[in-house]
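The chain contents come next:
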Amino acid sequence: QVRLVESGGGLVQPGGSLRLSCAASGSVFSINRMGWYRQAPGKERELVARIITGGSTIYADSVKGRFTISRDNAKNTVYLQMNSLKPDDTAVYYCNTVLLGSNYWGQGTQVTVSS
């Protein structure tokens, strides 16, 4: 079992920055990958970024060069640094991991990019 708790969302102007955090608890020693997804109104949930043990990362094309995913193993926390935010980045952002074939999700944090 894993519990994920996100924080750091909010309202930001276009071009601004936010950093999201996801704290994991429970069977964290078994986690080898963590990711961020987002879901905008009327759209399907999509992968934003993922990081695996060893530090390898993948990003959605729409966020490459603007977002950075990182992980602090000592704190069991994964971060998503979001720069140069655009209105199209507005969504609820969810932290995710897969453990023994089961998906675990956080409660989500709202990010709104608007002037």
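Please read these numbers as outputs of a predicted model, since none were measured by experiment. (Residues numbered from 1 in each chain as written. Predicted model: local features only at pLDDT ≥ 70, side-chain atom pairs only at ≥ 80, totals over all residues. Heavy atoms only, no water.)

Asker: I would appreciate a short explanation of the packing of aromatic side chains in the present structure.
Answerer: What characterises a pair of aromatic rings is the spacing of the ring centres plus the angle enclosed by the ring planes. Following the criterion strictly, the structure yields two aromatic pairs and no others. Ring centres of Tyr37 and Trp105 lie 5.0 Å apart, and the angle between their planes is 70 degrees; on these two criteria the pair is classed as edge-to-face. With Tyr37 in strand β4 (residues 33-39) and Trp105 in strand β10 (residues 102-105), this residue pair connects regions lying 68 residues apart in the sequence. Judged by its relative accessible area of 15%, Tyr37 is buried. Ring geometry for Tyr94 against Trp105: centres 6.3 Å apart, planes inclined by 90 degrees, an arrangement best described as edge-to-face. Here the residue Tyr94 occupies a position in strand β9 (residues 91-99), and Trp105 occupies one in strand β10, the gap between them amounting to eleven residues. Here the aromatic cluster, defined as three or more aromatic residues joined through ring pairs, consists of Tyr37, Tyr94 and Trp105. (Phe/Tyr/Trp six-rings, centres within 6.5 Å; stacked < 30°, edge-to-face > 60°. Helix = DSSP H or I, 4+ residues; strand = E, 2+ residues; numbered from the N terminus. Buried < 20%, exposed > 50% of the residue type's maximum accessible area, 1.4 Å probe, protein only.)

Asker: What is the right way to look at the sheet that holds strand β3 (residues 18-26) in this model?
Answerer: Across a sheet, strands are paired by hydrogen bonds formed along the backbone, either parallel or antiparallel in direction. Across the sheet, four strands lie side by side as β1-β3-β8-β7; this open sheet has antiparallel pairing. Of all the strands in the sheet, the pair left with one neighbour each is β1 (2-7) and β7 (67-72). Ignoring which end each strand starts from, the neighbouring axes of this sheet average 15 degrees apart. Of the strand pairs in this sheet, β7 and strand β8 (residues 77-82) are connected by six bridges, and their pairing is antiparallel. Looking across to β8, one finds that Asp72 is bridged to Thr77. (Pairing = 2+ DSSP bridges. Axes fitted to C-alpha atoms, helices over the stretch in contact; angles between N-to-C directions.)

Asker: What exactly am I supposed to notice about the pattern of salt bridges here?
Answerer: Pairing of side chains with opposite charge becomes possible as their charged atoms draw close. Throughout the structure, instances matching the rule amount to four salt bridges. Note that Arg38 and Asp89 form a salt bridge whose closest N and O atoms lie 2.9 Å from each other. A residue pair is termed long-range when its members are at least 10 positions apart, and Arg38 in strand β4 and Asp89 in the loop between β8 and β9 qualify at 51 residues. Asp61 is the partner of Lys64 in a salt bridge, and the nearest nitrogen-oxygen pair spans 3.1 Å. (Salt bridge = Lys/Arg side-chain N within 4 Å of Asp/Glu carboxyl O.)

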